[in-house]
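What follows is each chain in one-letter form.
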Amino acid sequence: MGELAGVAIGMTVVTRFAPSPTGRLHAGNVYTAVLNWLFARSRGGRFLLRLDDTDRARSTEAFAQGIRDDLAWLGLAPDVEVRQSDRFDRYDAALARLEAAGRVYRCYESAEELELKRKVQLSRGLPPVYDRAALALTESDRVRLEADGHRPHWRFRLDTGAAVAWDDLIRGPCHVDPASLSDPVVRRADGGYLYMLPSVVDDIELGVTHVLRGEDHVTNSGVQLQMFEALGAPPPALGHFGLLTSAEGELSKRLGASGVDALRDSGIEPLAVVALMAHLGTSEPASPTASLTELAAGFDLAKHGRAHPRFDPAELAHLNARLVHGLPFAAVADRLPAGMTEAAWLALRPNLSTVAEAANWWPVIIGPVSAETDPADRDYLAAARAALADLPFGPDVWSGLVERLKAETGRKGKPLFLPLRRALTGRDHGPEMAALLPLIGRDAALERLSA
C-alpha cells in the first residue's frame, strides 16, 4: 500500500532521457523518450533531457540541436536540460569520494595487455573478468609507472559478496551477480569519463526518481545500484523494457528512413508517432488520440511487458491516416494550400494519408482539370450536363444528379458514376463526389462536363 508503479505517495516523479549527441534520434531513442515523458506527465512529474556528451570527439552541437528539435516536434519538451560536458567537476568530486572509500582504484594495463589477459582466460575456460592485478600495486609502483609515462584509468571496485537485486517496474524481480563481472572502467586514461559513474552522479544531483530504459542496461543497473550505495544515495526505481524490433527482426540503429527527421519530412504527424510508441510493448492496439494530455492521462506502465515490441512503419502510416481523418481545420489551416476552405478540408481529409496530400487534391476543386473520357460516354456526359443545368445547385446536388441520370439512362453502378468522376475531377478515385461537386461549383462543373 502507498505506492503505485513504484511511485510513493507525495513523491514528485522525475524521469530523464539521456541520448548522446553523436547522431540523429531513431525509433529506439523515441520509444525511450516517449515512455519517460508519459510516465512523468501521467503523475504530474518532471521530464529531464540529459545530453551524454562525454565523448567529445563524436559529440557535436549540430546533433544536440537536432535532438532538441526532434523532441520539440514530438511535443516532448523537457523541463530541464543538462549537458554532461558541463559537469566534470561533479564527477571528479564523486571519484575522489569513492577513492577515499576504497571503491575505485587506478589501473595501468594497456588495451593490448588487457586483451591478452582475456584471451588467456578464455583459453582456460574461465570467464574474461578483470583479475584486479592493479590492486596489488604499491604507491611506489604507481609513482614509477606514471614517471615512465603511463597514465592510469580508474575502475569501480564491485562488492562481489552477494547478488544485486531489485524489483523491476517492468520485468519484476531482477538480480545481477557482480562476481561474474569485471570491475567497470569509470574514467579513461585521457581523463574522460565513461557512462556508468556520471549517470549515477547526475541521477543523484538531479533528483531522478525513475529510470526507464532498454533491457540492454540490466547489467549496468546492477553495477550502478552499487555506485548509488557507495555514494550514500538512494537509487531510483528501475524499469527495463524490451528493445524494439522491426519486421525483419532486430531493429537497426538508424532504422533507415525511420529517423525522426525522415518521419517528419514524409508527413507523419508527431502525435501519431507518440501514440504508436505509447502502445508498443502492450497488448492494446494504438489508436488516434486528441492530444498528448489525453495520452498521458491513460498511460499505465503496468501494461508494458517483457516482450520485444515490433516497430512497423506500415502500422505508423495507417495510424497517421486515421489521425489525419479526424484533424479539425484549425489544426491544419497553416499547412494547407492558400485559399483552401474548411469545407474543402472536411471533404478531402477522409481520402488523405498525410496533411500534405491535400495539395494534390486542391486543384481538383479549383481547376483546371484534364480529363480523358471514353468517346462512348460522350452522349451520357451531355445528358449529365443538361441534367445538372436544370437542377438546383445545393448540398444535395450530386444525389439529385445521379438519381435523374439513373432514371433517364438506365445506368447504374460503375457505368453511372465513373464517367462523371472522370469528367469532373480527371481521376478515377478520390473523395466523395457528394462533397466535391458543391465545392467545384456550378459553372466549373458544367464546363468540365462540356469538355
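Residues numbered from 1 in each chain as written. Predicted model: local features only at pLDDT ≥ 70, side-chain atom pairs only at ≥ 80, totals over all residues. Heavy atoms only, no water.

Re the sheet that holds strand S6 (residues 104-107)
Logical step 1: Spatial strand order, S6-S7-S10: three strands in an open sheet with antiparallel pairing. Of all strands in the sheet, those bounded by a partner on one side alone are S6 and strand S10 (185-187). Ignoring which end each strand starts from, the neighbouring axes of this sheet average 45° apart. (Pairing = 2+ DSSP bridges. Helix = DSSP H or I, 4+ residues; strand = E, 2+ residues; numbered from the N terminus. Axes fitted to C-alpha atoms, helices over the stretch in contact; angles between N-to-C directions.)

Considerations on the pattern of salt bridges
Logical step 1: By the definition in use, this model includes 34 salt bridges.
Logical step 2: With its nearest N and O atoms 2.7 Å apart, the salt bridge here joins Arg 50 to Asp 52. Summarising the burial analysis for this pair, Arg 50 and Asp 52 share the class buried.
Logical step 3: Of the charged contacts in the structure, one is a salt bridge between Arg 68 and Glu 61, with a shortest N-O distance of 3.0 Å.
Logical step 4: Counted as one network, the salt bridges with shared partners bring together Arg 16, Arg 50, Asp 52, Arg 87, Asp 89, Arg 90, Asp 202, Asp 203 and Glu 205. (Salt bridge = Lys/Arg side-chain N within 4 Å of Asp/Glu carboxyl O. Buried < 20%, exposed > 50% of the residue type's maximum accessible area, 1.4 Å probe, protein only.)

With respect to the packing of aromatic side chains
Logical step 1: Tallied over the entire structure, the rule returns five aromatic pairs.
Logical step 2: Summarising the aromatic geometry, the rings of Tyr 91 and Tyr 193 are spaced 5.6 Å apart at their centres and angled 70° between planes, so their arrangement reads as edge-to-face. Residue Tyr 91 is found in helix H3 (residues 88-100), and its partner Tyr 193 is found in the loop between S10 and helix H6 (196-205); the two are separated by 102 residues along the sequence.
Logical step 3: Connected via pairs of aromatic rings, a cluster forms that spans Phe 88, Tyr 91 and Tyr 193.
Logical step 4: Directly above the ring of Tyr 130 sits Arg 155, whose terminal nitrogen or CZ lies 3.9 Å from the centroid. (Phe/Tyr/Trp six-rings, centres within 6.5 Å; stacked < 30°, edge-to-face > 60°. Lys NZ or Arg CZ within 6 Å of the ring centre and 35° of its normal.)

Here's the deal with the nonpolar core
Logical step 1: Membership of the largest hydrophobic core comes to 84 residues, with the highest contact counts inside it found for Met 277, Trp 345, Leu 401 and Leu 420.
Logical step 2: Among the elements that make up this core, the one with the highest residue count is helix H1 (residues 27-42) (ten residues).
Logical step 3: Among all residues touching Leu 401, those that are not within four sequence positions of it are Ala 384, Ala 387, Leu 388, Leu 391, Leu 420 and Leu 437.
Logical step 4: Of all hydrophobic cores here, the second largest spans 20 residues; its members include Tyr 91, Ala 94, Val 201 and Leu 231. (Core = buried A, V, L, I, M, F, W, Y, C linked by side-chain atoms within 4.5 Å. Contact = heavy atoms within 4.5 Å.)

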